[in-house]
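Survey of secondary and tertiary structure
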Amino acid sequence: MADSKPQLYEQTSQYQHWRFTRVSLDKLRALNNKRGIDRVLRGVGEEVHVDDNQSMLETRISEATNNLLTPDEELQLVDYYLQMIKVYAQIYRKNGLLKPEALDDVKATAINFMKRFYLHNVVFDYPPKSIMLTCFYLATKVENVFMKIDDFVRPLQTAETKRGSKVQTKGEDILGLEFVVIQSLQFELAAHHPYRAAYGLYLDMQSYMAADLVLLKEVFDRTHHYIDLSLFTDLVFLFQPSQIAMGAFKLAAREKDLDIDPYLTQRFEARSLELLYAVLDGIQDIIGAFKNTSQKEAQAIDRKLILCRNPEKNPNSQLYKKKVADQGNVPYVSDSDSD
């Protein structure tokens with residue numbers, strides 16, 4: 001008997017290299033957090049030998065030690081800036097830089113990239129706002145939305161001016177992190193999302209549920225909302241896009257009081273359906289449990305991060321400035337291992 005060929009999705013880099021279990025995800029994040037803390041403490045220790053103001057640096061060591069972020073706090077802060085991708089996507093749409101038909105793919109790809117980035121990096125080294133913007137700009141290129149960097153930063157600068165911000169986003173700041181992001185993504189830039197799978201599911205259901213087409217359309221429209229929510233969870237690392245799409249469809253169908261089980265019964269044999277229901281229940285539970293990080297929560301964590309950033313990668317630190325000077329004003333790139 002010939003071996004069955006793997007499904008198309010199983011041949012993608014997303015399936016082969018970015019798929020985890022819940023346990024392995026938690027272990028990876030805990031390990032990265034521990035390594036990041038080690039780098040912060042080592043960097044602050046090095047900074048003691050750079051600055052002559054010993055009393056200030058003793059305070060700096062104490063502040064860093066007492067404000068180190070936990071893996072959960074890192075996740076919360078990253079989650080807040082993931083939510084900001086959705087906000088910025090609407091800004092670019094209103095400015096005519098992002099067409100409505102490209103909105104979902106660019107937004108989802110940017111979120112995907114940022115979530116992957118922080119599987120191999122920590123916020124001590126790379127604060128999430130800059131990484132968020134770099135992931136967004138990279139996503140526009142990957143999804144064939146051609147935007148000059150000056151056009152990309154202009155709406156950001158306008159918003160910053162209105163807020164009275166003294167610091168303005170610069171194009172070189174975004175471009176300067178682009179290779180760091182791509183390298184952390186292992187040069188794998190293909191991202192697969194549940195939107196297309198949900199549309200295919202909707203088309204397939206129409207031939208089985210002809211009597212409920214109006215209600216089915218309402219369910220499909222509502223499915224989009226649940227897919228949007230799923231992007232901010234860890235579902236992309238745990239399940240396939242088609243499974244996430246079906247889980248979102250189930251949630252929307254339940255909300256709209258449409259029974260899609262007869263469709264599933266016709267499309268899947270009993271044993272496969274039993275396994276599928278277990279997967280869909282898990283997906284629905286994760287989407288249902290998702291909670292945004294509030295601005296207040298993010299600000300509190302951000303204040304702690306200011307005190308525990310890795311000075312080796314902080315352009316405002318004495319350690320960073322010394323290493324730049326030692327290299328003849330060539331921007332210093334740390335060789336810290338954040339894998």
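**Looking at the packing of aromatic side chains**
One pass over the structure, following the stated rule, counts 14 aromatic pairs. Ring plane angle 15° and centroid distance 4.9 Å describe the contact between Tyr92 and Phe152, whose orientation is recorded as stacked. With Tyr92 in helix H4 (residues 71-94) and Phe152 in helix H7 (residues 149-162), this residue pair connects regions lying 60 residues apart in the sequence. Between Tyr202 and Phe220, the aromatic rings sit 4.5 Å apart at their centres with planes inclined by 10°, giving stacked as the arrangement. Here Tyr202, found in helix H10 (residues 194-206), pairs with Phe220, found in helix H11 (residues 213-231); they are 18 residues apart in sequence, far enough to count as distant. You'll find Tyr202 and Phe220 in the same group, each marked buried. The cationic tip of Arg222 hangs over the ring face of Tyr226; the distance from NZ or CZ to the ring centre is 5.3 Å.

**Overview of the environment of Tyr80**
With respect to the helices and strands, Tyr80 occurs in helix H4. Sequence separation between Tyr80 and Ser24 is 56 residues, and the spatial gap between their C-alpha atoms is 23 Å. Beyond its immediate chain neighbours, meaning those up to four positions away, Tyr80 contacts Thr293, Ser294, Gln295 and Ala298.

**Digging into helix H16 (residues 295-308)**
Here H16 contains 14 residues, and its C-alpha end-to-end distance of 20 Å stays within 8% of the 20 Å for a straight helix at 1.5 Å per residue. Three or more residues of H16 are buried, namely Ala298, Ile301, Leu305 and Cys308. Each buried residue of H16 sits inside an arc of 85° when the element is viewed along its axis, so together they form one side. When the buried face of H16 is taken as reference, the exposed residues oriented beyond 90 degrees from it are Lys296, Arg303 and Ile306.

**Observations regarding the confidence of the model for the protein chain**
This prediction gives the protein chain a mean pLDDT of 87; 91% of its residues lie at or above 70. Note that pLDDT drops below 50 for residues 332-339; the model gives that stretch 20 contacts with residues more than four away or on any other chain.

**Things to note about the packing of H11 against helix H13 (residues 241-255)**
How two helices sit against one another is set out by the angle between their axes and by the gap between those axes. Packing of H11 against H13 leaves a shortest axis separation of 8 Å and a crossing angle of 125°. With respect to each other, H11 and H13 are oriented oblique. For the pair H11 and H13, the sense of crossing is right-handed. Across the interface between the two elements, Leu216, Val219, Phe220, Arg222, Thr223, Tyr226, Ile227 and Ser230 from H11 touch Ile244, Ala245, Ala248, Phe249, Leu251, Ala252, Ala253 and Glu255 from H13. A breakdown of the residues in the contact of H11 with H13 according to their chemical character gives 12 nonpolar, 2 polar and 2 charged.

**Looking at the nonpolar core**
Counting 86 residues, the largest nonpolar core has Leu98, Met114, Phe124, Ile131, Phe136 and Phe152 as its most contacted members. Aside from chain neighbours lying at most four places away, what touches Met114 is Val78, Tyr81, Leu82, Ile85, Pro128, Ile131, Met132 and Cys135. Membership of the second largest hydrophobic core comes to 8 residues, among which are Trp18, Leu25, Leu119 and Val236.

So, how was this worked out
- In this convention, every chain numbers its residues from 1, walking through the sequence in written order.
- Only residues with pLDDT of at least 70 are given local features in this predicted model, and only at 80 or more are side-chain atom pairs given and counted; all residues enter the totals for whole chains, interfaces and linings.
- The basis for every side-chain value is the complete set of heavy atoms in the structure, and neither hydrogens nor water enter the calculation.
- By convention, a stacked pair of Phe, Tyr or Trp rings (six-membered ring in the case of Trp) has centres within 6.5 Å and planes under 30 degrees apart, an edge-to-face pair has planes over 60 apart, and any other such pair is tilted.
- Strands here mean DSSP runs of E at least two residues long; helices mean DSSP runs of H or I at least four residues long; both are numbered from the N terminus.
- Accessible area is worked out with a 1.4 Å probe on protein chains only. A residue is then buried under 20% of its type maximum, exposed over 50%, and partly exposed in between.
- Here, a charge over a ring is recorded when the distance from Lys NZ or Arg CZ to the ring centre is within 6 Å and its angle to the ring normal is within 35 degrees.
- Contact criterion: two residues are considered in contact whenever any of their non-hydrogen atoms come within 4.5 Å of each other.
- To estimate the expected span of a helix, subtract one from its residue number and multiply by 1.5 Å.
- As used here, the arc belongs to the directions running from the helix axis to the C-beta atoms.
- Confidence of the predictor in every single residue is expressed as pLDDT, which spans 0 to 100.
- Between N-to-C directions, angles cover 0 to 180 degrees, with each direction set by a line fitted to C-alpha atoms, over the stretch in contact for helices.
- Put simply, angles under 35 degrees are roughly parallel, angles over 145 are roughly antiparallel, angles from 65 to 115 are roughly perpendicular, and the rest are oblique.
- It is the rotation of the near helix from the far one that decides the hand of a crossing: anticlockwise by less than a right angle makes it left-handed, clockwise makes it right-handed.
- Throughout this entry, Asp, Glu, Lys and Arg are counted as charged residues, while Ala, Val, Leu, Ile, Met, Phe, Trp, Tyr, Cys and Pro are counted as nonpolar. The remaining residues, Gly among them, count as polar.
- Definition of nonpolar core: a set of buried residues of the types Ala, Val, Leu, Ile, Met, Phe, Trp, Tyr and Cys, connected through side-chain atoms within 4.5 Å.

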